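# Observations on the three-dimensional arrangement
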Amino acid sequence: MNPALPYCGPAPGPATLLTSWNLDPLLLAALVLAAITGAVVLRKAAAPKRSRAFGLAMAALVLAFVSPLCALTVALFSARAVHHLVLIGFAAPALALAFPLRRVPLNAAWAAVSVALLGWHIPALYTAAWDSAALYWLMQAALLLPAWAFWSVVFTRSQSPLAPFVHAGLIAGLAGQMGFLGAILTFAPRALYAEHLTGTEAFGLTLLADQQLAGLIMWVPGMLPFALVAALALQAGWRRQQEGAA
């Protein structure tokens, strides 16, 4: 990649968006190696449900880092919000279903995801990740890996009857953080991410309008997957309580 550009390349315009794929050979090689390794392991384990989850995880990673969405995150901050939702709302839980991480401290994983979410929205850190491919990937890993760990614990059946309620509370906490950050972006009186000036103009938006759109994405659709999983966790906890009382 050109070191003078953000990792995903130059900001595309509407006319070039669909052809703006990220064909970084190191990235493609890593994804192919991960796909082959995961498929072989799961084939030996004869686990079709885990295989389907792994396929969804790989598709989400390709969407995030190879498809034109990657380039669109350079043009629009609102696309960056979608990118983060793909990682923590689809790729991470799918990885957790396919390859759950073991012996993970739930509170530590939750805190790490929270810190990474906050870090991505601090303008100075955002600029630093924009200027450095190494820091960009470090921040992506800081978001994806603890989210993978968090969902691994959430999806693991615990012997504690209170575990589903704890999980639901922590999921709701993440959703609340998304909503809080979304509200800040939506109602901020000025634009915070000047890096997107050229890209937003190409799509007929102002910096502030793009930032407000990002906030709405995080605030409304961004919270829905978390709310759904939290509701399922509460339902499972209630069912186990009823079974224990019977």
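All figures in this text were calculated on a predicted structure; none of them were measured in a lab.

### Focus on the overall build of the protein chain
Regarding its fold elements, the protein chain presents eleven helices and zero strands. Along the protein chain, from the amino end to the carboxyl end, the secondary structure elements read α-α-α-α-α-α-α-α-α-α-α. Relative to its 246 residues, the protein chain shows a buried fraction of 46%. Total accessible area computed for the protein chain in this model is approximately 12300 Å², and 73% of it derives from carbon and sulfur atoms. In the protein chain, which carries 12 positive and 6 negative side-chain charges, the distance between the mean positions of the two groups comes to 26 Å.

### Quick notes on the packing of aromatic side chains
Overall, the coordinates contain 14 aromatic pairs when judged by the stated rule. When the ring of Phe 150 is compared with that of Trp 151, the centres are 5.4 Å apart and the planes differ by 70°; the resulting orientation is edge-to-face. A single burial state applies to Phe 150 and to Trp 151, both of which are buried. Ring pairing ties together the aromatic residues Tyr 7, Phe 65, Phe 77, Trp 120, Tyr 126, Trp 130, Tyr 136, Trp 137 and Tyr 193, which thus form one cluster. The ring of Phe 99 is capped by Arg 50, whose NZ or CZ atom sits 5.4 Å from the centre of that ring.

### Concerning the state of the cysteines
Formally, a disulfide is one covalent bond, and it connects the sulfur atom of one cysteine to the sulfur atom of another. Under the definition given, this model contains one disulfide. One disulfide bridge connects Cys 8 with Cys 70, the sulfur atoms lying 1.8 Å from each other. Negative torsions about the S-S bond denote left-handed disulfides, and the value of about -70° found for Cys 8 with Cys 70 makes this one left-handed. Highlighted residues: Cys 8 in the segment before α1 (25–45) and Cys 70 in helix α3 (residues 68–75), separated in sequence by 62 residues. For the pair shown, Cys 8 and Cys 70 are each scored as buried.

### A closer look at a nonpolar patch on the surface
The grouping of Phe 187, Leu 216, Trp 219 and Val 220 at the surface amounts to a nonpolar patch, some 400 Å² of accessible area in total. On the secondary structure map, Trp 219 appears in helix α10 (residues 207–219).

### Remarks on empty space enclosed by the protein
Within this structure, the stated rule accounts for two cavities of 30 Å³ or more. The computed volume of the largest cavity comes to approximately 60 Å³. Lining of the largest cavity is provided by Pro 6, Tyr 7, Cys 8, Thr 73, Val 74, Arg 80, Trp 120, Tyr 126, Ala 129, Trp 130 and Tyr 136. Looking at the lining of the largest cavity, the elements that each hand over two or more residues are α3 and α6 (123–131).

### Focus: helix α4 (residues 77–98)
The periodicity of an α-helix, 3.6 residues per turn, causes residues three or four positions apart to be oriented the same way. For α4, spanning 22 residues, the distance from its first C-alpha to its last is 30 Å, which sits close to the expected 32 Å at 1.5 Å a residue. Of all the bends in α4, the greatest, near 30°, is centred on Ala 91, and the proline Pro 93 appears no more than four residues after it. Along α4, 19 of the 22 residues are buried, which leaves the element largely enclosed by surrounding structure.

### Observations concerning the packing of helix α5 (residues 106–120) against helix α8 (residues 163–187)
In the contact formed by α5 and α8, the axes pass within 11 Å of each other and the chain directions differ by 10°. Relative to α8, α5 is oriented roughly parallel. On α8, the residues touching Leu 106, Asn 107, Trp 110, Val 113, Ser 114 and Leu 117 of α5 are Val 166, His 167, Leu 170, Gly 173, Leu 174, Gln 177, Met 178 and Leu 181. Its residues placed into classes, the contact of α5 with α8 shows nine nonpolar, five polar and no charged.

Rules of the game
Residues numbered from 1 in each chain as written. Predicted model: local features only at pLDDT ≥ 70, side-chain atom pairs only at ≥ 80, totals over all residues. Heavy atoms only, no water. Helix = DSSP H or I, 4+ residues; strand = E, 2+ residues; numbered from the N terminus. Buried < 20%, exposed > 50% of the residue type's maximum accessible area, 1.4 Å probe, protein only. Areas by Shrake-Rupley, 256 points an atom, 1.4 Å probe, with all protein chains shown as cover. Lys, Arg positive; Asp, Glu negative; His and termini not counted. Charge placed at Lys NZ, Arg CZ, Asp CG, Glu CD. Phe/Tyr/Trp six-rings, centres within 6.5 Å; stacked < 30°, edge-to-face > 60°. Lys NZ or Arg CZ within 6 Å of the ring centre and 35° of its normal. Disulfide = S-S within 2.5 Å. Patch = residues over 30% accessible without salt bridge, like charges linked within 9 Å, V, L, I, M, F, W, Y side chains within 5 Å. Salt bridge = Lys/Arg side-chain N within 4 Å of Asp/Glu carboxyl O. 1 Å grid on protein atoms, 1.4 Å probe; cavity = no way out; pocket = protein on both sides within 12 Å on 5 of 7 lines; lining within 4 Å. Points joined across faces, edges and corners; volume = space filled by probe spheres on them. Expected span 1.5 Å × (residues − 1). Bend = angle between axes of the 7 residues up to and from the residue. Axes fitted to C-alpha atoms, helices over the stretch in contact; angles between N-to-C directions. Parallel < 35°, antiparallel > 145°, perpendicular 65-115°, else oblique. Contact = heavy atoms within 4.5 Å. Nonpolar A, V, L, I, M, F, W, Y, C, P; charged D, E, K, R; others polar.

The analysis is restricted to geometry; functional conclusions fall outside its scope.
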